[in-house]
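# Working through the structure, step by step
Take a look at the letters that make up each chain.
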Amino acid sequence: MKNTFFYIVFILFFSSITCAQEGKKIKVQSDRTIKNEELYPGATILAKVNKQVYIEHEGIEIWCDQAVHYGEDKFVRAYGNVKMKQGDTLTMTSAYAEYNGNSQFAYAREKVFLETPSNTLTTDTLFFDRLRQQAYYRSGGTVKDSSNTLTSKIGRYFMDRKQYSFNTQVKIVNPENTVDSDRLDYYTDNGHAYLYGPSTVKGEESTLYCERGFYDTKVKTGYAIKNALIDYDNRTVFGDSIFYNSAIQFASATNNIKVLDTANNSVITGHYAEVFKDKDSVFITKRALAATLQEKDSVYIHSDTLMVTGKPDRRIMNGFYDVRIYKSNMSGKSDSINVDQTTGYTKMIGRPIIWSQRNQMTGDTIKIISNTETEKLDSLIVYQNAFLVQEDTLKAGYNQVKGQTLYGLFKDNEIYQVDIDKNTETIFYQRESEGELKLIGINKVLSSSIKLLLEQQEIVDVYYYQNIDGTLYREIDLPENARELSGFIWRGDEQILSKKDLFRGETPPKLIKIKGLPLPVEDDDFFDEETIKRLEENKGEGSRLLEQQLKDAELKETNEELDSIPKTKQKIQPKIKTKKKKDTTENQKKPKKIAFVDPDLNRTAKQRDSITVTTLKNKKTQDSISKNK
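For clarity, every value in this text was computed on a predicted model and none was experimentally measured.

A count of helical and extended segments in the protein chain gives four helices and 36 strands. When each of the 629 residues of the protein chain is scored for burial, the buried share is 49%. Taking the intrachain contacts of the protein chain between residues at least 6 apart in sequence as the baseline, contacts between residues at least 24 apart amount to 46%. When the accessible surface of the protein chain is summed, it comes to about 32,800 Å², and 50% of that surface belongs to carbon and sulfur atoms.

Below, the structure is given as structure tokens:
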């Protein structure tokens, strides 16, 4: 009884294996079947009369005009108007294709067209692994979806995650932008593209460059890091990271920002910036600093926030909150500033002050006027409560001039004349012109207006006009509290004497930590050892697939530094250190992949594919069923 039970179990088990094996057989339907054991031993030749040859195996269907079917090997070679379909997920057409039921592998060439629910692929040669649900080309291909056309030398499609991995000469073209990259991962369901290696996104009015980035091809927004920059005609923005929206021509940059304005020879730096191309405006903050070249001498303006607006020939810059100015022979401070490059006017508001060598000028508002052609300082005007103060030669006190309005004239960027109008008051320490410069007395004068002449920033002559009333006091006759005019404030300790002083007393801003972009998924080669073993163990008679070396095309090396995020540095484009990979036996075995460059640009994709791979020796004669009918 016990033996009978085991016998029954064995029979049922063996029957199930037999049924499973029979279920794996390739089913064929053909108007005509031919046997030619001399040319095709063990095969059946299938041919179209009225209907195309139909082949089915485990969910994959094939239609063609002619086919060679090796039933025992579960192998088919299809010719003429070949159509291969896998459910509703994939349809492929080509001039030639072959399918191996044992290895679950398909190969197609000549006018290959692959269609999925979201995109199409056109190439000359395509490999399709049903077990891993991956398609691969290495001789150039074009992918199209609803809004983009993508081309590359090498491409791989992962059906499970709806992702293409493109490498070498990658390009995306859509109505708004053109994307060029060395390596690009593209997700077909959402249109997301991840850029690796030197990449550009070029639109009608802007070009973005980075060495790692993300771009949403549907909403036209992106994020770039690692040597990122965006160019808007005559304005270029650099930063550790850049967000951009090409649909509205907007970009924002974070950390180590530099904005180059070639139209006006200016540079603005900071740690956060926003650029509105259509409005021709730039907003920059966090240690904002603008530098403009004038007559081989740069003018620096620093404030909490800087905003530049207007077309290149009509630029206007506004600075807000604790504005500081430095030039080699002049500096200043105010609460806010307005610089109009069209008129050459610079307006300082909110406790403005100008230092020119030992001269200190203050008032309610200060306007500096430059010659727009020569870019040299022309004049300045101090409105309301104008004060000019100069420390005495021997620092015994301060020479002071006070009035309603002050007018200053410049020659070769140095002030040489000052006129002060309305209710002027002066205090001057008069000294002997030679020897020990002994103090003669302290002169206090009232008048309607005053003219001062300066040489090398020093007052040499004073002229008083109308209603003059003055007294020369001996030093002992004039009390200390009478030696300062009403409203006098000496601010010499605030004077900016160098570019470094622009940031004096400020705490460096705390920079935002830049989020990195995900590294590309490092998949095994399409033709890995396991796949090659599977193909070689299930060889199909006359397979053109096996006429080629089963090896991935050599990729362009672009990702040596992908695992390194830029750290905060003062330089705009820091050199990124390469993170060393773990030293494993497997990594040691893998040869380094090198870029393949075809010197003959006239070759077709089919010809290039034959170069990329190596043809086996003892190549079998290509089949031509039509010739052997």
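Once the structure has been displayed, the description carries forward.
On to the side chain of Arg 156. Positionally, Arg 156 belongs in strand 14 (residues 154-158). Despite its burial, Arg 156 remains without a salt bridge, the nearest opposite charge being carried by Asp 552 at 4.5 Å. Side chain to side chain, Arg 156 and Gln 134 meet in a polar contact 2.8 Å long.

Before going further, it helps to spend a moment on the environment of Thr 262. Its location among the elements puts Thr 262 in the loop between strand 21 (250-261) and strand 22 (266-276). Placed 26 residues apart in sequence, Thr 262 and Thr 236 show a C-alpha to C-alpha distance of 8.4 Å.

The next subject is the packing of aromatic side chains. All chains considered together, the criterion is met by 22 aromatic pairs. Taking 5.4 Å as the distance between ring centres and 55 degrees as the angle between the ring planes, the aromatic pair formed by Tyr 54 and Trp 63 counts as tilted. Note on Trp 63: relative accessible area 22%, which makes it partly exposed. Here Phe 105 and Phe 527 contribute two aromatic rings whose centre-to-centre distance is 6.2 Å and whose plane-to-plane angle is 35 degrees, an arrangement assigned as tilted. Pair noted here: Phe 105 is in strand 9 (residues 105-115) and Phe 527 is in the loop between strand 36 (469-473) and helix 2 (529-537), with a separation of 422 residues, a long-range link. Like Phe 527, Phe 105 is buried. Among the aromatic residues, ring-to-ring pairing joins Phe 105, Tyr 107, Phe 127, Tyr 136, Phe 526 and Phe 527 into one connected group. Seen from the ring of Phe 238, Lys 258 lies directly overhead, with NZ or CZ sitting 5.1 Å from the centre. Cation over ring: Arg 287 sits above Phe 503, and NZ or CZ is 4.1 Å from the ring centre.

Here we take up unusual backbone geometry. Among all residues except glycine, the phi angle is most often negative; among peptide bonds, the trans geometry is most common. Look at Lys 111: it is not a glycine, yet its phi comes out positive at around 55 degrees. Following the sequence through the fold, Lys 111 ends up in strand 9. A relative accessible area of 74% means that Lys 111 is categorised as exposed. Although it is not a glycine, Asn 256 adopts a positive phi angle of roughly 55 degrees. Turning to its location among the elements, Asn 256 is positioned in strand 21. Assessed through its relative accessible area of 3%, Asn 256 is described here as buried.

About the thresholds
- Residues numbered from 1 in each chain as written.
- Predicted model: local features only at pLDDT ≥ 70, side-chain atom pairs only at ≥ 80, totals over all residues.
- Heavy atoms only, no water.
- Helix = DSSP H or I, 4+ residues; strand = E, 2+ residues; numbered from the N terminus.
- Buried < 20%, exposed > 50% of the residue type's maximum accessible area, 1.4 Å probe, protein only.
- Contact = heavy atoms within 4.5 Å.
- Areas by Shrake-Rupley, 256 points an atom, 1.4 Å probe, with all protein chains shown as cover.
- Lys, Arg positive; Asp, Glu negative; His and termini not counted.
- Salt bridge = Lys/Arg side-chain N within 4 Å of Asp/Glu carboxyl O.
- Polar contact = N/O pair within 3.5 Å; in protein donor to acceptor, adjacent residues only side chain to side chain.
- Phe/Tyr/Trp six-rings, centres within 6.5 Å; stacked < 30°, edge-to-face > 60°.
- Lys NZ or Arg CZ within 6 Å of the ring centre and 35° of its normal.

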